[in-house]
Amino acid sequence: MSKHALVQIQKINKFYGSNHVVRDLTLDVREGEFLTILGSSGCGKTTTLRMVAGFEQPTDGKIFVGGVDMAEKEPYERDVNTVFQSYALFPHMSVFGNIAYGLRMKRIPKKEIRKRVMDILDLVQLGGFERRMPAQLSGGQKQRVAIARALINRPKVLLLDEPLSALDLKLRKQMQLELKRLQRKLDITFIYVTHDQEEALSMSDRIAVMHDGMLEQVGVPKEIYEAPASKFVATFIGETNLFEGMVSAVDGDAVSVAVESGTICGRAEGFQKGEVVAVSVRPERMRYSTSPVKGFTIQGVVREQIYVGSVLKSIVVLPNGHEIKLERLAGDVLPMDGPVYLSWQPQDARLIHPRDQEVYHAVETAVME
Amino acid sequence: MRRKKSERLRRRAGAVYCGLIYAFLFLPIVVIVVNSFNATESKPYLSWKGFTFDWYGRLLQNAALLDSFRNTLLLAAVSTILSTIIGTIAAVGMFKYRFRGKSVIDALLYIPVVIPEIVLGIALLTLFATVNIPRGMLSLVLAHVTFCIPFVIFNVRARLDGYDQSIEEASMDLGVGRLKTFFHITLPVLAPGIGGGALLAFTLSIDDVIVSYFTNGQTKTFPLKVMESIKSGVAPDVNALSTLILVFTVLLVVLTQSGLIRRLRRKR
């Protein structure tokens, strides 16, 4: 076991009947890190988390926590605790009872229980709520109780299954900050499952993107956003414009790709002439001009402009009908239905190798939220 | 002005109507209670001959009646406990696990409920005779447990509706084993359903006549004893015992409705 990998997931597979929900997943979680498993619903992320917690058994493969094989360990024998999506508070116990439950069952002296519960209540900013029943709490308060209850055993790893999905936007933002603060303060390893890419980007040390039971990419948020390894990652995290085509020329790290609307360029290594690729350009990296520019451009017509406060979003339609999204700091408004010339810096285009399961077409498509 | 008048009339009519319904419901009970204090000896006890506690005294000497009452209490207690345990386990099992033929078993549960009691009684008697179970307390318990189980299951299952199984996972997640989780989490959360089922089972058992009639052998339960004695009008000491049961029941209802028990428990 490497010194820093606290949780090791090694080639696990999970079948429900003939349904292959987790495929050959290998993932190391380092001690003290905030790792987010990100994916759309049904991608196997929650199942993976539940296998670490012990509620599900992998069909094959191994999971180690702190170097110990978890295969024979019951959920109650594992040094991990879970914050459930539904909070799963015990409805017949007060806030104090909920948090103290694990300690009481371990027959820890009453005085110590009291002190530890009170400390943790302060930590999650719920001091004075200990006598309330779960039914008398708001969603955010229930969430804090669930977190406090999971933390009181001082686990090595805290598993969080979409803990904020039931909260409204404002509260969710606030809880994101608070969770991050808690994680730093307690120095506990967090494995956090979410489908919200923004949440993942803002909270995580590293993100593991899952799709269809497979791990697509693991990396720090900047890597995931700026250097997506697959078409899925490029489109799932943030908005992007995808062009699909064939590499027409390679000159050092300058790569030209022939797409339906012409030839576009990017900067990448490891590509060969004749290869089918996808090119991802983020909307905020798109440059535009109302008059023809030197070098490569793609011409289109401004179809729509949406003002969202901090930025102005525009949709440009190409002659072949595909829509390209661009995002600018709010400023000048483009003439509607007027011609616009799009281009970008070669380094702002990300070339992506196709994966087995992905079908590439030699046309460009814009992918929007 | 006129409107006010018609409004008053309507209210009065409503009050009278309600009064009649309640009279219809409660008059027979009042008759029983009054007659338990009526000093008349001549059947059918329709005239008031003065107030007396005699019947209550007589009741204490009526060994057969008291014996039957004791039988009924014992029978109700035992069959309530058994049917509650069996029914709860069945409801939890049917909620948690999927298995083949589950829908059939689900549907079959309604049979003992909708089947005419007389058919159930005959069926049970035939069964007991065939497998040689002696008719008496044992067969009575078996019979009562049989028709109580579905009611317990229905009650517990109603409580399970909307029961979040992840609280059991949360308990195990916190380091608590399966058995302890059942007793500290599952059972307390289901308690209202289980309690309701038990109460229903107790009520059903305590006043059952028809099934008991077929399966009792020589053992007399209170309802059977009463049936026997009313051939010549309701005996006054039966009135007395009925009144006592009534007082006890009403007291119990008042206690639970007023939340007194809950308050006492919380204090503890």
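Because the structure is a prediction, the values reported are computed rather than measured.

J.: For this particular structure, what's the right way to read the layout of surface pockets?
T.: If you roll a probe as big as a water molecule over the atoms, it shows you where there is empty space left. All names here are of chain B. Roughly 880 Å³ of volume is contained in the second largest pocket. If you trace the second largest pocket, you find 29 residues lining it, with I206, D207, I245, L246 and T249 closest to the centre. Broken down by element, the residue count for the lining of the second largest pocket peaks at 12 residues, all from helix 12 (residues 236-257).

J.: Please clarify how the pairing of strand 9 (residues 206-211) of chain A should be interpreted in this entry.
T.: In the case of a regular strand, side chains alternate between the two sheet surfaces. Residue and element names in this part refer to chain A. Counting buried positions over the six residues of strand 9 gives five, a clear majority of the element. Summarising the sheet, strand 3 (residues 34-38) and strand 9 pair through four bridges and their orientation is parallel. Within the sheet, the bridge partner assigned to T36 lies in strand 9 and is I207. In this antiparallel pair of consecutive strands, strand 9 and strand 10 (residues 214-219), the connection spans two residues, and D212 shows a positive phi of 55°.

J.: Help me understand the environment of A:R30, please; the structure alone is not making it clear to me.
T.: All names here are of chain A. Looking at the secondary structure, you find R30 in strand 2 (residues 19-30). Spatially, the C-alpha atom of R30 lies 25 Å from that of G42, the residues being 12 residues apart in sequence. Setting aside anything within four residues of it in sequence, one finds R30 in contact with H4, A5, L6, T189 and R206.

J.: I would appreciate a short explanation of the pattern of salt bridges in the present structure.
T.: Side chains that differ in charge, positive against negative, can pair when their charged atoms come close. Residues and elements named next belong to chain A. One pass over the full model with this rule turns up 26 salt bridges over all chains. Residues E33 and R206 are paired through a salt bridge, measuring 2.8 Å at the closest nitrogen-oxygen approach. Taken together, the residues span a long stretch of sequence, with E33 in the loop between strand 2 and strand 3 and R206 in strand 9 at a distance of 173 residues. Owing to a relative accessible area of 6%, E33 belongs among the buried residues under this scheme. A salt bridge links R285 to D348; the shortest N-O distance between them is 4.0 Å. Taken together, the positions of R285 in the loop between strand 14 (276-281) and strand 15 (287-289) and D348 in the loop between strand 19 (339-343) and strand 20 (349-352) put the pair 63 residues apart, joining distant regions of the chain. Where salt bridges share partners, they join K222, E226, R285 and D348 into one cluster.

J.: Quick question: what am I supposed to make of the packing of helix 3 (residues 63-96) of chain B against helix 7 (residues 137-160) of chain B here?
T.: Two packed helices can be described by the angle between their axes and the distance between those axes. Residue and element names in this part refer to chain B. Closest axis-to-axis distance for the helix 3/helix 7 pair is 6 Å, and the angle between their directions is 40°. What the angle tells us is that helix 3 and helix 7 run oblique. Here helix 3 and helix 7 pass one another in a crossing that is right-handed. Here the residues of the contact of helix 3 with helix 7 are counted per class, giving 20 nonpolar, seven polar and one charged.

J.: Is there a simple way to explain the pairing of strand 1 (residues 5-16) of chain A in this structure?
T.: Residues and elements named next belong to chain A. One ladder, built from eight bridges, connects strand 1 with strand 2; its direction is antiparallel. Note on strand 2: the bridge partner recorded for I12 is L25. As paired strands, strand 1 and strand 4 (residues 60-65) are joined by five bridges and run antiparallel to one another. Opposite N13, over in strand 4, you have D60 as the bridge partner.

J.: Help me understand helix 4 (residues 139-151) of chain A in this model?
T.: In an α-helix there are 3.6 residues to a turn, and that puts residues three or four apart on one side. End to end, helix 4 of chain A covers 18 Å across 13 residues, agreeing with the expected 18 Å (1.5 Å per residue, within 8%). Residues of helix 4 of chain A that are buried: A:G140, A:Q141, A:Q143, A:R144, A:V145, A:A146, A:I147, A:A148, A:R149, A:A150 and A:L151. Looking at the packing, one finds that the buried side of helix 4 of chain A touches strand 6 (80-83), helix 2 (95-105), helix 3 (110-123), strand 7 (157-161) and helix 5 (169-186) of chain A together with helix 8 (166-173) of chain B.

J.: Looking at this structure, how should I read the interface of chain B and chain A?
T.: Interface size is commonly expressed as the accessible surface area that is lost when the partners come together. Between chain B and chain A, the contact holds 19 residues from the first and 23 residues from the second. Interface area, chain B with chain A, both sides summed: about 1800 Å², of which 60% is carbon and sulfur. Contact with chain A buries surface across chain B, with B:E169, B:D173 and B:L174 losing the most and accounting together for 38% of the total. Where chain B packs against chain A, one counts two salt bridges.

J.: Is there a simple way to think about the packing of helix 6 (residues 117-130) of chain B against helix 7 of chain B in this case?
T.: Residues and elements named next belong to chain B. Two elements in contact, helix 6 and helix 7, have axes separated by 11 Å at closest approach and are oriented at 135°. Between helix 6 and helix 7, the interaxial angle falls into the category oblique. Between helix 6 and helix 7 lies a crossing whose hand is right-handed. Two secondary-structure elements touch here, helix 6 through L120, L124 and F128 and helix 7 through S139, L142, A143, T146 and F147. When grouped by side-chain class, the residues that make up the contact of helix 6 with helix 7 number six nonpolar, two polar and no charged.

Parameters and conventions
- Residues numbered from 1 in each chain as written.
- Chains lettered and ligands numbered in written order.
- Predicted model: local features only at pLDDT ≥ 70, side-chain atom pairs only at ≥ 80, totals over all residues.
- Heavy atoms only, no water.
- 1 Å grid on protein atoms, 1.4 Å probe; cavity = no way out; pocket = protein on both sides within 12 Å on 5 of 7 lines; lining within 4 Å.
- Points joined across faces, edges and corners; volume = space filled by probe spheres on them.
- Helix = DSSP H or I, 4+ residues; strand = E, 2+ residues; numbered from the N terminus.
- Buried < 20%, exposed > 50% of the residue type's maximum accessible area, 1.4 Å probe, protein only.
- Pairing = 2+ DSSP bridges.
- Contact = heavy atoms within 4.5 Å.
- Salt bridge = Lys/Arg side-chain N within 4 Å of Asp/Glu carboxyl O.
- Axes fitted to C-alpha atoms, helices over the stretch in contact; angles between N-to-C directions.
- Parallel < 35°, antiparallel > 145°, perpendicular 65-115°, else oblique.
- Left-handed = near helix turned anticlockwise from the far one by under 90°.
- Nonpolar A, V, L, I, M, F, W, Y, C, P; charged D, E, K, R; others polar.
- Expected span 1.5 Å × (residues − 1).
- Buried area = accessible area lost by both parts, 1.4 Å probe.

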